[in-house]
Amino acid sequence: MSTTGGDFDDVGTAGDRSSAVSGSKITPSKSKTYGKEDDDDVDLSSDESEDETSSEEDEEAETGLTENQGRLLYLISLYTNPAGSEDEKEEWVRKQALLVMIYEAIVAQVLDYDYAPASELVESRRKYFNISQEGKSDVDFLREEGLLNGLKLSSKDYTPVTCYQISVKGLDAVRRIPKSDKEAVHELVYAPGSRDLLRVEWRGNAYFLVAENFERESTVTDCEDVSYVSSAYVPQCLRFGGRPTLSNAHRAHESGVSASNIRDELDEVITLNSVSIIVSEFIPFGANNIVQMNQNLGSTERVQGGFFTALIDEDSSGTSFEVEPGLTSVNILDYTLTKHINFEADIHLPEPDDVTQVETFGVSMNADGTIFYGMQIEAVMDRIKDNISLDHLSRLLVDVHVDSSKIVDSVISAYQRQLMNLIFMGDASNRDKVNLIIANEITPHLTAEEYMDKGEYENELKQVLGDTRAAFDISEHDTLIFGAHGILVAGPNSRHHEPLLCSYLQFNAMDIFVRNYFIRMFVVLDFMKTTRTEIAASERDPNSMEKIRQRMVKVSKDIILLEEVLGYLAESLEGAEIPPEPAEQSGRALYERLQIADLAAQLSRRVVDLKKNMSGTRHELGILREMTQVVSETKSFKYQEALLLNMRNLVDLQSHNEKASAALRVIQVTLAGGLAFDILDLFTTQWVSDETHWFNSLGFSLINSLPAVWVLASLLTWAGVAYLLIWLLRRYARHAQGYLSVRLTIMRKIHIDALNKYLATKVTGEEGRGYQRENDMVSITWQEQDKLEWGGNAPRITIEYDEKNGYMMQLVLEYNKRLAKKGIALRAPELKQKINEELTKAGIWDMTEDEGIVTKDAIET
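Analysis parameters
Residues numbered from 1 in each chain as written. Predicted model: local features only at pLDDT ≥ 70, side-chain atom pairs only at ≥ 80, totals over all residues. Heavy atoms only, no water. Helix = DSSP H or I, 4+ residues; strand = E, 2+ residues; numbered from the N terminus. Contact = heavy atoms within 4.5 Å. Areas by Shrake-Rupley, 256 points an atom, 1.4 Å probe, with all protein chains shown as cover. Phe/Tyr/Trp six-rings, centres within 6.5 Å; stacked < 30°, edge-to-face > 60°. Lys NZ or Arg CZ within 6 Å of the ring centre and 35° of its normal. Buried < 20%, exposed > 50% of the residue type's maximum accessible area, 1.4 Å probe, protein only. Pairing = 2+ DSSP bridges. Axes fitted to C-alpha atoms, helices over the stretch in contact; angles between N-to-C directions. Expected span 1.5 Å × (residues − 1). Core = buried A, V, L, I, M, F, W, Y, C linked by side-chain atoms within 4.5 Å. Polar contact = N/O pair within 3.5 Å; in protein donor to acceptor, adjacent residues only side chain to side chain. Salt bridge = Lys/Arg side-chain N within 4 Å of Asp/Glu carboxyl O.

*Asks:* Mind showing me how you'd approach the overall build of the protein chain here?
*Replies:* Within the protein chain, the regular secondary structure consists of 20 helices and 28 strands. Here the contacts in the protein chain between residues at least 6 apart in sequence split such that 71% fall between residues at least 24 apart. In the structure as shown, the protein chain presents an accessible area of about 43600 Å², 51% of it carried by carbon and sulfur atoms.

Right, here's the structure in full:
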């Protein structure tokens, strides 16, 4: 969102930015229209002096806008700006951010609107916001008058986004808005003590108003609670025997003595008498799911129902189990083993001390996946049974939507919860549902056309139905109103048409599910597109194969689940029955307006299209798998080439080593000759003794008589020394060939503290550490000191373990059998048993895990 306003310095906008004072209250006049004749009535209590110049009065000419509309238009002008040339950029404000600012303006009493909670999508997550339907209506009016421009685009998650911008005609209207109203808006949109325009930022769970040195959290997502009493309600067309639902009418007085936390002053325009609410949604179901649910709920047991939770018991053999408040109480009404189950449900949640909510649902779950949550309103605040305000009803509906999700999530299977989280992208608890509001009477009773007045009546209806689409008189006393989030049927004959209305809800619930499925499918396709890009750029990232495999696993799992969900959806549509057209006039009129058959046919065509899309998605997945295989094979080929090159180098090196070894043996023999001659010299020269007469008399006589004797003696000495040297080298080589290497692949959970204490008793040598994303690999080597304990030779032991996750990976024990004493030297099985006993004695193994394979997979070399 832009942080600068438009070019309005000449009319007191960007040039006159006043410091906002937190907590200042400005009370506007709701119905005032700007014009010269109203200048005396304009509230100039902020900073304006009473003697306005005539030029300023001339600027405040007729605009035809109410005070709220003028202030709203000016607020939008501060955040948007149409481009004046090709070098400038267009500035737009997003719809959701604008709704947040409208709410803040209501709280600050800058705008005189009502607000009510309604669900909106923010970053693919559905959230309940306090939204002003009057403010939205005025935005639509300003667009119709050409004062605002609208922009439609899509987010990266394929959800629609709407933006607004002031038009050239709107800029002209802004110049005629009174300065007092501009000053009121300034106090809202500027940070305290500065001229910084506040920006609206979404931070995961809440909106914040942010400037350069200022920020505060908005309360736009804090939905208000009302006290009410309700009873379970299940339409008769969904019942198959069983006991009737219980009534809480005797507790209706409890809501009258309780309070609410509504912060706004409500303007009631429409009220309803004897109200019933039915909320519906689609969840992938089948006959087996119904059978399992009947078993889980104890439908066939002597004592049916009870309390339920979605938590998993991780210690089912333990003594006690703790759970947070919010358990669901279930009482079975009627069931069939494979088709349906009807029950009363209540969530036991702690409420604020001053708020009383007696909330009991009638729940009908069917094998075709349609779920109905019914509620008969006994009282809301001090209104018992009748005269129920739509402002209060809108806040009650938020509770119904949230709590109905908690109820069904606690009783469906984990597999179904997984499917719902897949379709709603991890936000299944806030999934959207369709509403049906049935009332015996609506006050005031008007014609359908009068309710669609684009004013206070329609705005009031939008609080419970969303954006209204159409209204019809199905009889002289019965009215049907369509909205984006459901329908309202009011009149004395409204309950006679429950089969038609429930059928309409069934197909609308499927419609909502198909919409979300379609978006989720394109999110998967976008994910696959990103994966294709990563595959194409795999040469640039050394970790590409690991990332690609992880993405392929995820997308494969998502596609498998999406195909299963599509199968459930197609089966439900095939088995859905369209009720026949009623005989009475009002029933035929309702049947014609609901167009159930057309809706069913449209859904069938859309499901066929989804099957085509999923077939293409499956083919795309096959292509990605082939591309991944090519990348894997390419990398493997390069590894094999590198390995082959290394092998060739090793072969060449071995050949060179053999030649060098032969030369070394020649050098050794040559050096042995030199050593032998030196030894001979020591015994025949003065190095041994000054008196060498014994050799002179004997040696010279032999040498003189036999000239070859000295040479022969020298060669014999050379041969003896060479033989001794070669014998020693061979002995050392023989001892070196006596090593027994025992490699144990363990993969067993260990206690790191016990291992560290054990290693502290050893004289460790080499130590290596390797840190990866999920592992801290440690390799430590030590030499045992007690030779007798190991059969006369102390082995060299190396262990490798994961210090971060506490796992022993492998152990290598090197033992020289030829240096050990004969008769007590240890063999491989004995070495394996001994090291295992030593580690067990040190308390290294985690006995809560399996014993692993420390005594099973030993490799002896």
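*Asks:* Honestly, the packing of aromatic side chains in this entry has me stumped. Any pointers?
*Replies:* Counted according to the given criterion, the structure contains 11 aromatic pairs. Ring geometry for Phe518 against Phe522: centres 4.8 Å apart, planes inclined by 65°, an arrangement best described as edge-to-face. Here the residue Phe518 and the residue Phe522 both occupy positions in helix H13 (residues 498-536), the gap between them amounting to four residues, near one helical turn. An aromatic cluster is built from Phe129, Trp202 and Tyr207, whose rings are joined through pairwise contacts. The cationic tip of Arg551 hangs over the ring face of Phe527; the distance from NZ or CZ to the ring centre is 4.0 Å. One Lys or Arg, Lys554, reaches over the ring of Phe527 and ends 5.0 Å from the middle of that ring.

*Asks:* Can you walk me through the environment of Gly426 in this structure?
*Replies:* Within the secondary structure, Gly426 is located in the loop between helix H10 (414-423) and strand E19 (434-443). Overall, Gly426 belongs to the partly exposed group, its relative accessible area being 44%. Between the C-alpha atom of Gly426 and that of Ser124, which follows or precedes it by 302 residues, the distance is 9.6 Å. Residues contacting Gly426, with those up to four places away along its chain left out, are Arg125 and Asn421.

*Asks:* What is the right way to read the sheet that holds strand E6 (residues 199-202) from this model?
*Replies:* Pairing between sheet strands relies on hydrogen bonds along the backbone, with the strands arranged either parallel or antiparallel. If you trace the three strands from one edge of the open sheet to the other, you get E6-E7-E8, paired in antiparallel fashion. One side of each edge strand has no neighbouring strand; the edge strands of this open sheet are E6 and strand E8 (214-217). For this sheet, the mean inter-axis angle between neighbouring strands, taken without regard to orientation, is 25°. The strands touched by helix H3 (residues 95-107) are E6, strand E7 (207-211) and E8; relative to E7, the strand with the most contacts, the crossing angle is about 85°.

*Asks:* How should helix H4 (residues 133-144) be read in this particular structure?
*Replies:* Note that an α-helix has 3.6 residues per turn; residues three or four places apart therefore point the same way. With 12 residues, H4 extends 16 Å between its outermost C-alpha atoms, agreeing within 8% with the 16 Å of an ideal straight helix rising 1.5 Å per residue. Looking one or two residues past H4, Gly146 carries a phi angle of roughly 80°, positive in sign.

*Asks:* Any chance you could explain the nonpolar core here in plain terms?
*Replies:* The tendency in soluble globular proteins is for nonpolar side chains to be buried as a group. Phe343, Met365 and Leu594 are the most contacted members of the largest nonpolar core, which totals 114 residues. Per element, the largest residue contribution to this core is 16 residues, and it comes from H13. Non-local contacts of Phe343, meaning those with residues more than four positions away in its chain, are made with Leu297, Val330, Asn331, Ile332, Leu333, Phe361, Gly362, Val363, Met365 and Ile407. Within the second largest apolar cluster, 50 residues are counted, among which are Leu78, Leu171, Ala173 and Leu198.

*Asks:* Can you walk me through the side chain of Thr162 in this structure?
*Replies:* Summarising the element assignment, Thr162 is placed in strand E5 (residues 160-166). A relative accessible area of 12% places Thr162 in the buried class. Engagement of the side chain of Thr162 in a polar contact is seen with the side chain of Lys152, the distance being 2.8 Å. Aside from chain neighbours lying at most four places away, what touches Thr162 is Val93, Arg94, Lys95, Leu151 and Lys152.

*Asks:* Help me understand the pattern of salt bridges in this model?
*Replies:* If charged atoms from side chains of opposite charge come close, those side chains can pair. Scanning the model with the defined rule gives 36 salt bridges in all. Linking Arg395 and Glu224 is a salt bridge whose minimum nitrogen-to-oxygen distance equals 2.8 Å. Of this pair, Arg395 sits in helix H9 (residues 390-411) while Glu224 sits in the loop between E8 and strand E9 (228-232), and the two are 171 residues apart along the sequence. Glu224 carries the same exposure label as Arg395, and that label is buried. The closest approach of N and O atoms between Arg551 and Glu534, which form a salt bridge, is 3.8 Å. Taken together, the positions of Arg551 in helix H14 (residues 544-575) and Glu534 in helix H13 put the pair 17 residues apart, joining distant regions of the chain.

*Asks:* Just to check I follow, could you spell out the side chain of Ser364 for this structure?
*Replies:* On the secondary structure map, Ser364 appears in strand E15 (residues 361-366). Separated by 2.7 Å, the side chains of Ser364 and Asn342 make a polar contact.

*Asks:* Explanation requested: the sheet that holds E5 in the structure shown.
*Replies:* Strand order across the open sheet formed by three strands is E1-E5-E4, with antiparallel pairing between neighbours. With one partner strand each, in any of the chains shown, strand E1 (93-94) and strand E4 (148-154) form the two edges of the open sheet. Two strands pair when backbone bridges link them, and E1 and E5 are joined in this way by two bridges, in the antiparallel orientation. The partner of Arg94 across the bridge, within E5, is Cys163. Here helix H2 (residues 67-79) sits on the sheet and contacts E1, E4 and E5; the angle it forms with E5, its principal contact strand, is near 100°.

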